[in-house]
Amino acid sequence: MKVLMVCSGGMSSAIVVKAIKQEADKQNFPLEIKAVGTGEFEEELKTGGYDLAIVAPQVKHRMDVFKEQAANANVPIELIVPTGYTPIGAPKVLEQIKKYSK
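Per chain, the residues get numbers from 1 upward, laid out in the order the sequence is written. Restriction of local features to residues with pLDDT of at least 70 applies here, the model being predicted, together with a cutoff of 80 or more for giving and counting side-chain atom pairs; totals for whole chains, interfaces and linings are based on all residues. With hydrogens and water excluded, all non-hydrogen atoms of the structure serve as input to the side-chain values.

## So, the packing of aromatic side chains
Then, number 1: Pairing of aromatic rings covers Phe, Tyr and the six-membered ring of Trp, with a centre-to-centre limit of 6.5 Å; geometry is then stacked below 30 degrees between planes, edge-to-face above 60, and tilted otherwise. All told, the structure shown has one aromatic pair when counted by the stated rule.
Then, number 2: With a centroid separation of 5.2 Å and an interplanar angle of 70 degrees, the aromatic rings of Phe41 and Phe66 are classed as edge-to-face. Here the residue Phe41 occupies a position in helix H2 (residues 38–48), and Phe66 occupies one in helix H3 (residues 63–72), the gap between them amounting to 25 residues. In this structure, Phe41 and Phe66 share a single accessibility class: buried.
Then, number 3: Cation placement over rings: the criterion is NZ of Lys or CZ of Arg within 6 Å of the ring centroid and within 35° of the ring normal. Over the ring of Tyr50 we find Lys2, and its NZ or CZ is 4.9 Å from the ring centre. By definition, any uninterrupted DSSP run of H or I lasting at least four residues is a helix, any uninterrupted run of E lasting at least two residues is a strand, and each is numbered from the N terminus. Three exposure classes are used, based on accessible area relative to the maximum for each residue type with a 1.4 Å probe and protein chains only: buried under 20%, partly exposed in between, and exposed over 50%.

## Some points on the packing of H2 against H3
Then, number 1: Here H2 crosses H3 at 20 degrees, and the two axes come no closer than 9 Å. Overall, the two elements H2 and H3 adopt an arrangement that is roughly parallel. Along this stretch, H2 crosses H3, giving a crossing that reads as right-handed. Packed against H2, whose contacting residues are Thr38, Phe41, Glu42 and Leu45, the element H3 presents Phe66, Gln69 and Ala70 at the interface.
Then, number 2: Taken together, the residues that form the contact of H2 with H3 break down as four nonpolar, two polar and one charged. Here the axes come from fitting lines to C-alpha atoms, over the contacting stretch only for helices, and the angles between their N-to-C directions go from 0 to 180 degrees. An angle below 35 degrees is read as roughly parallel, one above 145 as roughly antiparallel, one from 65 to 115 as roughly perpendicular, and any other as oblique. Two helices cross in a left-handed way if the nearer one is turned anticlockwise from the farther one by less than a right angle. They cross in a right-handed way if the turn is clockwise. Any pair of residues with heavy atoms lying within 4.5 Å of one another is described as a contacting pair. When residues are sorted by character, Ala, Val, Leu, Ile, Met, Phe, Trp, Tyr, Cys and Pro go into the nonpolar class, Asp, Glu, Lys and Arg into the charged class, and all the rest, Gly among them, into the polar class.

## As for the side chain of Glu44
Then, number 1: Of note, Glu44 is situated in helix H2.
Then, number 2: Leave out the neighbours within four places in its chain, and Glu44 touches Leu4, Lys34, Val36 and Tyr50.

## Notes on the pattern of salt bridges
Then, number 1: Any Lys or Arg side-chain nitrogen found within 4 Å of a carboxyl oxygen on Asp or Glu counts as a salt bridge. Within this structure, the stated rule accounts for six salt bridges.
Then, number 2: Between Lys21 and Asp25 there is a salt bridge, with its nearest N and O atoms 2.9 Å apart. One end of the pair is Lys21 and the other is Asp25, both in helix H1 (residues 11–26) and four residues apart, which spans about a single turn.
Then, number 3: Put simply, Glu23 and Lys26 hold a salt bridge, and the shortest N to O gap is 3.3 Å. Note that Glu23 and Lys26 are positioned in helix H1 at a spacing of three residues, about one turn of the helix.

## Remarks on the environment of Met63
Then, number 1: Position of Met63 among the secondary structure elements: in helix H3.
Then, number 2: Put simply, Met63 and Ile77 are 14 residues apart on the chain and 9.3 Å apart in space, counted from C-alpha to C-alpha.
Then, number 3: When sequence neighbours within four positions are dropped, the list of residues in contact with Met63 reads Val55, Ile77, Glu78 and Leu79.

## Some remarks on the sheet that holds strand S2 (residues 32–37)
Then, number 1: If DSSP finds at least two bridges between two strands, the strands pair. If you walk across this open sheet you meet the four strands as S2-S1-S3-S4, and the pairing is parallel. Among the strands making up the open sheet, the edge pair consists of S2 and strand S4 (77–79). Taking each pair of neighbouring strands and ignoring which way they run, the sheet shows an average axis angle of 25 degrees.
Then, number 2: Packed onto the sheet, H3 meets strand S1 (2–7), strand S3 (52–55) and S4 and runs at close to 160 degrees relative to S4.

Bear in mind that shape data such as this cannot, by itself, settle questions of function.
Listed below in structure tokens is the structure:
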């Protein structure tokens, strides 16, 4: 499964992405996940062949814009639960992701 995370582009997202990937590996769940900043999100969605987009809590105020961009790219989108946006919250985010696996 291929997932794109949109965030404000800070270090925290790299840490969270790594934790989610490690959790997926631990559960033998095939996952390719990438984080991009808000300015790169729309173009990456169009060209990346993603199965799901997830939105970091710190940029949820732009959710309406992201929803429109995801709809244009025909990619489902979901807001990460705030308690999942930590390295120890990775299992929660992975459960959100798994709901969209085919």
